[in-house]
Structures are given as structure tokens and as C-alpha cells.
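Examination of the molecular architecture
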Amino acid sequence: MRAPLITVIVTYTIAIVGLTLMPGMDDHGNPWHMSLFEAFYVISYTATTIGFGEVPFPYSDTQRLWMTFSIYFTVIPWFYAIGKIISLFQDPALKQALTTSSFGRAVENLHEPFFIVSGYGETGSLLVKALDHKGIRVVVTERDQDRVNDLELEDYQFDIPVLCSDAKMPDTLLRAGVRHPMCKGIAALTDNDHVNLAIAVAAKLLNPKLTVLARAEDDEVAANMASFGTDHILNPYTLFGDQLGMEVHAIGTYLLHRWLTGVPGESLTLPKVPPIGKWIVCGYGRFGKAVVENLEREQITTVVIEADPELTHCKQCVVGNGTEAGTLTEAGIEGAVGIVAGTNNDINNLSIVMTAQKMNPDLFVVVRKNRRFNEPLFEHFNADISMDPSAIIAHECLARMITPMMTHFLQLVRTQDNTWANQLISQLVEVVGENVPEAWGVTIDADHSPAVANLIAWGLPVTLDSLMRDPGNRTERLALVPLMLIRSGKYELLPEPHLPLQVGDRLLFCGTPNAKSAQPITQSNHKILTWIINGREIADGWLWRWMSRKITRLRKLHKQTKH
């Protein structure tokens, strides 16, 4: 901008000063010279090619001669300056600078909790859509401009700040709000494990208290992430292998896991139970290894078909792709009960399924989908289980972002037997119906549950049942189920309603959206909570408010004394 601006200023100055020096005549025939303001006015409309006439008096020949010179002298630099300005605004560097500045302001102006999603690919787009549907704010960083354009064209309920930049760079993470007081966590969901590792490490170094979720398919990368304190390391193949093992051995546990990690509001469908017998696994990569490990853990015989045994370190396998009838026959397709098409090529997986079903129509089919844009192709095949890595990671991230306690609960569920899981499922269906319930956590303290904390401090026992009652009708229970209690670092599954609560307790609930929105009323309102406990209404006068403030101040003073 410097050169065109200087050119315009210099030419304007020469033209204006020269015009003031050119002699003219007024309407009475007296000699007259333009003032600087009049000359500036004339040159302005002349140089911009607007044209206005000879004002305030007709020009003399000398003035017209100078104006003729000024037209060519100023118009050409003016067009030059306009051209440079237009080209400047088309410059990618300036566009990036303006976008980055706008992105930074949008993040700074967020005054509610938000998550950062690095990578708006198949997994990231699913997660962003789910979080936006849940009313949770999101900030996105993505290296590919085409994906950024896709996000901007989506119809989300919130304006989602998005920056086209490399999230490995600390500056990008800082602009995205990694140190923002309202940032609750970051999810590294690119399709490159090393990029995800760099994001996870940088986020932990910039903000050690931040919750970090990262996708990692390589074991070495996952171990490196763990060494830097990454909170949740998600491997879609390991997760799917675990789920397949649960389906075979403990269908109730699997169904409970799937239900509690689903998107709230979705209908619950009963999965097909994989049969016990010989299974054929096509592809011994990271996905195939996870499947084989979990199937063999459940005492299921597996035969592996692998095209490159040396690369995948497959010691005992049938060499081939699995797309040929001869290879499947060698693997014993006629006597198998199930087949896993688990290569990294969608077309090969579809070919494997087609060939195998012709040879053995009774096979239980598990197929891996690598790219979501191939979804229409898979819809024509009646696969019993379809493995979508993007959906698995997105659901896991959603569950751990919205309800962190759910992770601990699901880990404890794995230690229970199938009968226990079936009983809990029956209880959930009876209370909340057959749709995926909402899940939320409750902390018993003065900040999150002031009414409960105050009544406990005043010596009035408050039980878990009190938080399960309808604040509008104390005789009715809300449509919710208490899943877990955390007290002094100890976990208790399915706590009893008559259990007395203590300050510092953390509770995990699941239930209907109405129950989730109604429960905070009981937690924060002394009158309603007291009415629920003993059926008595208390006066809400100045004395009660004075006592509440007094006790709150005493509690804060006690905390400061302890520290």
C-alpha cells in the first residue's frame, strides 16, 4: 500500500497547489485564485472521473490548461492505487491475516464453556455436529481449506469459529483458546497420528490442566501420548475389537456400553449376537489384529487371510486378499460361522463380502468402512455389523467430553457380569424408555448444589432420594437413574436412594431431558429441597437470606483457614 498511497498523495499535492497558482477571473472580471479547499474539491472530483463542471466561476484558459494536465496526472495514479488495493485484498496472506484476526476475536468473546476440535474430517465433523446439537460451543482448527469451506456451509445452531491453520503450531492452539478460561478440552482428530501427537503434547505443555483427547492408531504414538499425560487416547480398532468381544461374550454389557455412549434421543436397537465357532479375518493390519485378539480372548477360533504376511508380521495365515474364491476355500469358508472384511480398501471389503456370501450364505458378516462417502455402496449389503472408525471415535469423544465420569463408570461396568448389565438395562428401559438417555454429573458443594450443601451443614440429612424427586410434586420421582457415586476417591455403582449425601460427593445420573433440567432446581433452592425432604415450607424472608449469607461466609473463611 505504501507506493500507491505515496503516488496519489504526491500527484494530488502537485495538482492542487498548481491549480491555486493558476490565475482566473470572477463573475465581475476581477483576478481570482482558488483557495486550497476549492482546489482540493475540484481535483477530487476530477481525479475520480466523476466530473462536475467549472466551479465556482468559469475557468480561464490557464486554469483549463492546468486542469487538462491534472486529469492525466491524477487519474492514472488513482487507477493504479485502486488496482493495487484490489490485488492486495485478493492476496492470500492478507486474507489469512484478516481471517486469523477475526477468529481470535470470536474465540476471545466466548463466555461459555467450549471445546476445541482439531481436524474437521469425517470424525471431527461428526463430533462437531453432535456437540452443536447438544448446545455445546465448539472451536475448530483445520489445515484443509476445502474442509473449512464445508464447515462454513453447514447449518449449525451456533456460529462456529474456524481457522484454516496447522494445529501443530503453538500459535494456532493459543488463538484457538487453549488457555482460555472457558476452554474445557481439546480433541486431536486428524488422520495423522504424528500430527495428533504434536497437538496433544503442545496442548498439555501450554495448559497442563486441560483435558486432551487424541486419536492414535499406532501403539508407539499412543505410548508417547500417554507419557505426556494425554487424558484419553482413542484407537478405533481397539475400541471396536473390545466391543466385538463384548458382543460375543456379554451382549448385555455391550448393549449398555453402546446405549450410554450413543447420541441422546436416538432409538435403541437390539444388536445381532455373533455366533460361536470358526471365524475368518481378512486383513491383519491394526484393525485385524485387534479383532483377532478379542475373538481369541473369547475362545473363538480364527483363520487370518493376509496379502502381505511379512509386513504385518502374520506368522500363521492364508496368503491372499480374500476376494478370490480359492483363498476363501483354503481358509475353510464352508465351515466358518463368521467373516470379517477388515482391509483398508472399501472396494476389496465389499468384494470379500460378496464372494463369501455366495459360498456360505449363513455367514455372520462384519465389514469395515474406511470412507464415509462410500456409505451408499455399503447400504446394498446386509452386513450384520458395520465398523465405522469415524463414528466410533466421535461417540467415544462425545461421551467423555459431556460426562467425564461416564468413562470410569463404563470401565467398572466391564468388571460386572452380564446378568448385572441386563438388570440395569431393564431398569433404564422402565424409567427412561428405549431412547438413548441424557447423562450428567452432579457435585455436592456450595458452588454447584448450594441448597444441599447448606442443609447438610445445618445438620439436616439429605439423601440421594431427595435429588430424585420432582420439584413440582414431591411424591413423584424424576425419570432418572443414579449410576455411580464417587466419595473420597471410591466408586460405588448404582447407589441406593436412601444413601445420605455428603459435601464433596460426585454423582453420575442418566435420564430424560426433562429430568436433567428439573434436578438443578432442587439442588439450588432451599425451600423446594426442604419441602421435598419433610413436606414443610419455610419462610423466604430476610432472616433466612441473612442466615444463608452468614453460613456461606463462614464456610469460605473456614476454607481459607485450612489452606
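The rules we used
Residues numbered from 1 in each chain as written. Predicted model: local features only at pLDDT ≥ 70, side-chain atom pairs only at ≥ 80, totals over all residues. Heavy atoms only, no water. Helix = DSSP H or I, 4+ residues; strand = E, 2+ residues; numbered from the N terminus. Rg over C-alpha atoms; globule rule 2.2 N^0.38 Å. Buried < 20%, exposed > 50% of the residue type's maximum accessible area, 1.4 Å probe, protein only. Areas by Shrake-Rupley, 256 points an atom, 1.4 Å probe, with all protein chains shown as cover. Lys, Arg positive; Asp, Glu negative; His and termini not counted. Charge placed at Lys NZ, Arg CZ, Asp CG, Glu CD. Pairing = 2+ DSSP bridges. Axes fitted to C-alpha atoms, helices over the stretch in contact; angles between N-to-C directions. Contact = heavy atoms within 4.5 Å. Patch = residues over 30% accessible without salt bridge, like charges linked within 9 Å, V, L, I, M, F, W, Y side chains within 5 Å. Salt bridge = Lys/Arg side-chain N within 4 Å of Asp/Glu carboxyl O. Polar contact = N/O pair within 3.5 Å; in protein donor to acceptor, adjacent residues only side chain to side chain. pLDDT = per-residue confidence, 0-100. Parallel < 35°, antiparallel > 145°, perpendicular 65-115°, else oblique. Nonpolar A, V, L, I, M, F, W, Y, C, P; charged D, E, K, R; others polar. Core = buried A, V, L, I, M, F, W, Y, C linked by side-chain atoms within 4.5 Å.

**Let's talk about the overall build of the protein chain**
A count of helical and extended segments in the protein chain gives 24 helices and 20 strands. Rg of the C-alpha trace for the protein chain: 35 Å, well past the compact-globule value of 24 Å for 563 residues, more than 25% over. Viewed in the frame of its principal axes, the protein chain has a C-alpha envelope of about 110 × 85 × 40 Å. Counting all 563 residues of the protein chain, 48% fall into the buried class. Accessible area for the protein chain stands at about 28500 Å²; split by element, carbon and sulfur atoms hold 55% of it. If the 48 positive side-chain charges of the protein chain are averaged to one point and the 60 negative ones to another, these points end up 10 Å apart.

**Brief notes about the sheet that holds strand S3 (residues 114-118)**
Taking strand neighbours across the sheet as the criterion, the 6 strands line up as S5-S4-S3-S6-S7-S8 in an open arrangement whose pairing is parallel. Lying at the two open borders of the sheet, with one neighbouring strand each, are strand S5 (162-164) and strand S8 (232-234). Neighbour-to-neighbour, the strand axes of the sheet open up by a mean angle of 15 degrees, direction not taken into account. Looking at chain direction, strand S6 (residues 183-188) and strand S7 (residues 211-215) are connected through 4 bridges and run parallel. Paired with Gly185 across the strands is Thr211, a residue of S7.

**Notes on the pairing of strand S13 (residues 364-368)**
Buried residues dominate S13, accounting for 5 of its 5 residues. Relative to strand S14 (residues 385-387), S13 is paired through 3 bridges, and the arrangement is parallel. Considered in S14, the bridge of Val366 is made with Ile385.

**Description of unusual backbone geometry**
Note that the residue after Val55, namely Pro56, is joined by a cis bond; omega there is 0 degrees. Mapped onto the elements, Pro56 comes out in the loop between helix H2 (36-47) and helix H3 (61-89). Notably, Leu494 is not glycine yet its phi reads approximately 45 degrees, a positive angle.

**Here's the deal with the sheet that holds strand S18 (residues 480-487)**
Spatially, S15-S20-S18-S19 is the arrangement adopted by the 4 strands of the open sheet, whose pairing is antiparallel. The sheet is open, and its two borders are formed by strand S15 (438-443) and strand S19 (490-493), each paired with just one other strand. Taking the axes of each pair of neighbouring strands and ignoring which way they run, one obtains an average angle of 20 degrees across the sheet. Pairing of S18 with S19, which is carried by 4 bridges, proceeds in the antiparallel orientation. Bridge pairing links Met484 to Leu493 in S19. Lying on the sheet, helix H18 (residues 405-413) is in contact with S15, S18, S19 and strand S20 (506-511); it crosses S18 at an angle near 95 degrees. Its contacts with the sheet put helix H22 (residues 513-524) on S15, S18 and S20, and the angle it makes with S15 is roughly 15 degrees.

**Here we look at a negative patch on the surface**
A cluster of like negative charges, contributed by Asp144, Asp146, Asp150, Glu154 and Asp155, occupies part of the molecular surface. Tracing the chain through its elements places Asp144 in the loop between strand S4 (137-142) and helix H6 (145-153).

**Some remarks on the side chain of Thr46**
Relative to the assigned elements, Thr46 resides in helix H2. Among the polar contacts made by the side chain of Thr46, one reaches the main-chain carbonyl oxygen of Val42 at a distance of 2.7 Å. With residues up to four places along the chain from it excluded, the contact list for Thr46 reads Met67, Ile71 and Val75.

**Details of the confidence of the model for the protein chain**
When pLDDT drops low, the exact placement of atoms in the prediction is not to be read closely. Here the protein chain averages 86 in pLDDT, and 94% of its residues register 70 or above. When pLDDT is averaged over each helix and strand of the protein chain, the minimum, 58, is found for helix H24 (residues 542-562) and the maximum, 95, for S3.

**Some remarks on the packing of helix H10 (residues 236-249) against helix H17 (residues 389-402)**
Between H10 and H17, the least distance of the axes is 9 Å, while the angle of their chain directions is 85 degrees. On the basis of their axis angle, the class for H10 and H17 is roughly perpendicular. When H10 is examined against H17, the residues Pro236, Tyr237, Leu239, Phe240 and Gln243 are found in contact with a partner set consisting of Pro389, Ile392, Ile393 and Glu396. In terms of residue class, the contact of H10 with H17 is made up of 7 nonpolar, 1 polar and 1 charged.

**Description of the pattern of salt bridges**
Per the stated rule, a full pass over the model turns up 15 salt bridges. One salt bridge in this structure joins Glu142 and Arg147, with 3.8 Å as the shortest N-O distance. Assessed through its relative accessible area of 5%, Glu142 is described here as buried. A residue is classified by how much of its surface remains accessible, and Arg147, at 30% relative accessible area, is partly exposed. Of the charged contacts in the structure, one is a salt bridge between Lys516 and Glu438, with a shortest N-O distance of 3.7 Å. Taken together, the residues span a long stretch of sequence, with Lys516 in helix H22 and Glu438 in strand S15 at a distance of 78 residues. Residues participating in the shared-partner salt-bridge network are Glu54, Asp61 and Arg64.

**Thoughts on the nonpolar core**
Ranked by internal contacts, the top residues of the largest apolar core, which has 47 residues, are Leu127, Val128, Val140, Phe240 and Val291. Ranked by residues supplied to this core, first place goes to H17 with 6 residues. Filtering out sequence-adjacent residues up to four positions away, Val291 remains in contact with Phe240, Leu244, Val281 and Val340.

**Here's the deal with a nonpolar patch on the surface**
Where nonpolar side chains cluster on the molecular surface, the patch consists of Met1, Leu5, Ile9, Ile85, Phe89 and Leu98 and spans about 560 Å² of accessible area. Put simply, the parts of the chain that give the nonpolar patch at least two residues each are helix H1 (2-21) and H3. Structurally, Met1 can be placed in the segment before H1. The class for Met1 is partly exposed, based on a relative accessible area of 43%.

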